[in-house]
Amino acid sequence: QLRFTLSKEAHIPPFVIFSDATLWELAKMRPTTKDDLMNVKGIGSFKRDKYGDAFLQAIADFIKQE
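Residues numbered from 1 in each chain as written. Predicted model: local features only at pLDDT ≥ 70, side-chain atom pairs only at ≥ 80, totals over all residues. Heavy atoms only, no water.

**Student:** So, the overall build of the protein chain: which residues are in play, and what are the values?
**Tutor:** Counting its secondary structure elements, the protein chain contains five helices and zero strands. Its C-alpha atoms give the protein chain a radius of gyration of 11 Å, near enough to 11 Å, the size a compact globule of 66 residues would have. With respect to the three principal axes, the spread of C-alpha positions in the protein chain is 30 × 25 × 20 Å. Evaluated residue by residue, the protein chain yields a buried proportion of 26% over its 66 residues. Of the contacts formed within the protein chain by residues at least 6 apart in sequence, a portion of 42% connects residues at least 24 apart. Put simply, the protein chain shows about 4,700 Å² of open surface, and 57% of that area lies on carbon and sulfur atoms. In the protein chain, the 10 positive side-chain charges and the 9 negative ones have mean positions that sit 5 Å from each other. (Helix = DSSP H or I, 4+ residues; strand = E, 2+ residues; numbered from the N terminus. Rg over C-alpha atoms; globule rule 2.2 N^0.38 Å. Buried < 20%, exposed > 50% of the residue type's maximum accessible area, 1.4 Å probe, protein only. Contact = heavy atoms within 4.5 Å. Areas by Shrake-Rupley, 256 points an atom, 1.4 Å probe, with all protein chains shown as cover. Lys, Arg positive; Asp, Glu negative; His and termini not counted. Charge placed at Lys NZ, Arg CZ, Asp CG, Glu CD.)

Next comes the structure, spelled out in structure tokens:
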């Protein structure tokens, strides 16, 4: 959902933000820091800096709901 929302706001296709494979890696690894994001395939420093905070917050919110 977050990827879709960000893509609509930026007027770009969702896969430009993160590929499906990267989303699966995020779901599997559940990173909690920006440094952890660098261990996720498909995330480099640019995407970490641009989208990292939003995705880390979404992951933290999901973990709290479990």
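Read on, since the account is not over.
**Student:** Any chance you could break down unusual backbone geometry for me, citing the residues and the numbers?
**Tutor:** With phi around 60 degrees, His 11 is a residue other than glycine that occupies positive phi space. Relative to the elements of secondary structure, His 11 occurs in the loop between helix H1 (2-10) and helix H2 (14-17). Unlike most non-glycine residues, Arg 30 shows phi in positive territory, near 45 degrees. Mapped onto the secondary structure, Arg 30 falls in the loop between helix H3 (20-29) and helix H4 (34-37). Look at Arg 30 and you get partly exposed, because its relative accessible area is 31%.

**Student:** I'd like a description of the packing of aromatic side chains, backed by residues and values.
**Tutor:** Here the structure, examined in full by the defined rule, presents two aromatic pairs. For the pair Phe 18 and Tyr 51, a centre-to-centre distance of 5.9 Å together with 70 degrees between the ring planes defines the contact as edge-to-face. In this pair, Phe 18 is assigned in the loop between H2 and H3 and Tyr 51 in helix H5 (residues 45-65), connecting sequence segments 33 residues apart. Note on accessibility: Phe 18 and Tyr 51 belong to one class, buried. (Phe/Tyr/Trp six-rings, centres within 6.5 Å; stacked < 30°, edge-to-face > 60°.)

**Student:** Could you give an account of H5, with specific residues and numbers?
**Tutor:** Between its terminal C-alpha atoms H5 stretches 29 Å, which fits the 30 Å expected from 21 residues at 1.5 Å a residue. Tyr 51 marks where H5 bends most, by close to 60 degrees. On the buried face of H5, the contacting elements are H1, H2, H3 and H4. (Expected span 1.5 Å × (residues − 1). Bend = angle between axes of the 7 residues up to and from the residue.)

**Student:** So, the nonpolar core: which residues are in play, and what are the values?
**Tutor:** In terms of nonpolar packing, the biggest core is built from eleven residues, these being Leu 6, Ile 17, Phe 18, Leu 26, Leu 37, Val 40, Ile 43, Tyr 51, Phe 55, Leu 56 and Ile 59. If you tally residues by element for this core, the top one is H5, at four residues. Those residues within four positions of Phe 55 in sequence are excluded, and the remaining contacts are Leu 2, Arg 3, Leu 6, Ile 17, Phe 18, Leu 23 and Leu 26. (Core = buried A, V, L, I, M, F, W, Y, C linked by side-chain atoms within 4.5 Å.)

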